[in-house]
Amino acid sequence: MQLNLEPPDYRYFLRGADGASALVNEQRLLRSFIVAPDALVEGWPVADARSMLPADLDALLALAPELVLLGTGATQVFPPAAVLATCLQRGIGLEVMTNAAAARTYSVLAGEGRRVAAGFVLPG
C-alpha cells in the first residue's frame, strides 16, 4: 500500500518501503537511508538495528524531529537500549517497526505536518 499525502512545501515523498527497497519521490533506494519531508540522507551506515550505536542517530536527530521512526527491514528488530535511551533523554519519541509499517506511519505523520524523521535499514 502506498499513501500519497503531499503537502506542497515538502520535497521528499516516501511512496513505500519493504525489506529490500524503498521508493522516495521516483527514486528506488536499495541502501539504508534517512528521510524527512525536507531532507533525504542516502547511504546511512546502519546495516542491522541490533548493532546500532547511539551515534547512528546523529543524522536523524540533526533534523530536529519530534518523533523518529526506525524501520528495521522486513521484520521488527529492536536496537540496543542505549539507542532507545538517546531519544528518550532528549524527549524525542522513537518508534521501531518494519519498513512497510514505518513507511505508512511516516506518510500519515508527514501529511499531518508533524516534524517526523525516519531511518530505514535496507540490506544493500
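In this text the structure is predicted, and so the values were computed from the model without any measurement.

Q: Could you give an account of the overall build of the protein chain, with specific residues and numbers?
A: A count of helical and extended segments in the protein chain gives three helices and eight strands. Of the regular secondary structure in the protein chain, the N- to C-terminal order runs β-β-β-β-β-α-β-α-β-α-β. Computed over its C-alpha atoms, the radius of gyration of the protein chain comes to 13 Å, within 12% of the 14 Å expected for a compact globule of 124 residues. Across its three principal axes, the protein chain shows a C-alpha extent of roughly 35 × 30 × 20 Å. Of all intrachain contacts in the protein chain linking residues separated by at least 6 positions in sequence, the fraction that spans at least 24 positions is 65%. Of the roughly 6100 Å² of accessible surface on the protein chain, 53% is carried by carbon and sulfur atoms.

Q: Lay out unusual backbone geometry in plain terms, naming residues and giving numbers.
A: Where the residue is not glycine, phi is negative for most of them; where a peptide bond is considered, it is trans in most cases. Here N25, not a glycine, exhibits a phi torsion of approximately 55°, which is positive. On the secondary structure map, N25 appears in the loop between β2 (22-24) and β3 (27-29). With a phi close to 55°, A64 is a non-glycine residue in the positive phi region. As for its position among the elements, A64 is in the loop between α1 (58-61) and β6 (67-71).

Cut-offs used in this document
- Residues numbered from 1 in each chain as written.
- Predicted model: local features only at pLDDT ≥ 70, side-chain atom pairs only at ≥ 80, totals over all residues.
- Heavy atoms only, no water.
- Helix = DSSP H or I, 4+ residues; strand = E, 2+ residues; numbered from the N terminus.
- Rg over C-alpha atoms; globule rule 2.2 N^0.38 Å.
- Contact = heavy atoms within 4.5 Å.
- Areas by Shrake-Rupley, 256 points an atom, 1.4 Å probe, with all protein chains shown as cover.

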